[in-house]
Amino acid sequence: MPKRRTHSYFWFILACAIGISIILLFHLRPLEKEFIMSDAMMMTTTPRDERLEKKCSDAVGKLVDLKINFLAIDFDQTMIDIHTGGRWKESVSSLTTHLRPLFLHLIPIATSSQIRIAIVTFSPQTKHIREV
């Protein structure tokens, strides 16, 4: 019987994590295409950046209010705008050009609010992902 409860608890937590990720994605995604990245992956400060920063801050504030202290973010086609298929042959720096700008705001704000971040993937190229 205890194994069943553990199994149910796992699926509940997984469903919550997916739900929160979807909420954040739909809450922040409309702004993501508005942001400008320089060649060196540095954000230029624009009114759009300030709006994204505010949206990320508001979203993290809501997570904190809900007492959520862990955020799992999928890598392929979520954190980056392509799917590597676990077979990225180019350099890590070329992979960083595919990083979605909103995560440059969301992750630092979340970590500064004591929210733990996990980047999740089925890719065997975890070293590349860690470097991104």
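Right above here is the structure, for reference.
These numbers were taken from a predicted model, which means no experiment stands behind them. (Residues numbered from 1 in each chain as written. Predicted model: local features only at pLDDT ≥ 70, side-chain atom pairs only at ≥ 80, totals over all residues. Heavy atoms only, no water.)

Caption draft 1: The arrangement of the overall build of the protein chain in detail. Along its length, the protein chain carries six helices and two strands. When the helices and strands of the protein chain are placed in sequence order, the string is α-α-β-α-α-α-β-α. Residue burial in the protein chain is summarised as follows: out of 132 residues, 34% are buried. Long-range pairs, those at least 24 residues apart, make up 68% of the contacts in the protein chain with a sequence separation of at least 6. (Helix = DSSP H or I, 4+ residues; strand = E, 2+ residues; numbered from the N terminus. Buried < 20%, exposed > 50% of the residue type's maximum accessible area, 1.4 Å probe, protein only. Contact = heavy atoms within 4.5 Å.)

Caption draft 2: Structural detail: the nonpolar core. One finds Val 60, Ile 73, Phe 75, Met 79, Phe 103, Leu 106 and Ile 115 to be the most contacted residues of the largest nonpolar core, which totals 21 residues. Counting residues per element, the ones that place at least two in this core are α2 (47-65), β1 (70-74), α3 (75-79) and α5 (101-112). Looking at which element gives the most residues to this core, the answer is α5, with six residues. Once residues lying within four places of it in the same chain are set aside, the contact partners of Phe 103 are Ile 73, Thr 78, Met 79 and Pro 108. (Core = buried A, V, L, I, M, F, W, Y, C linked by side-chain atoms within 4.5 Å.)

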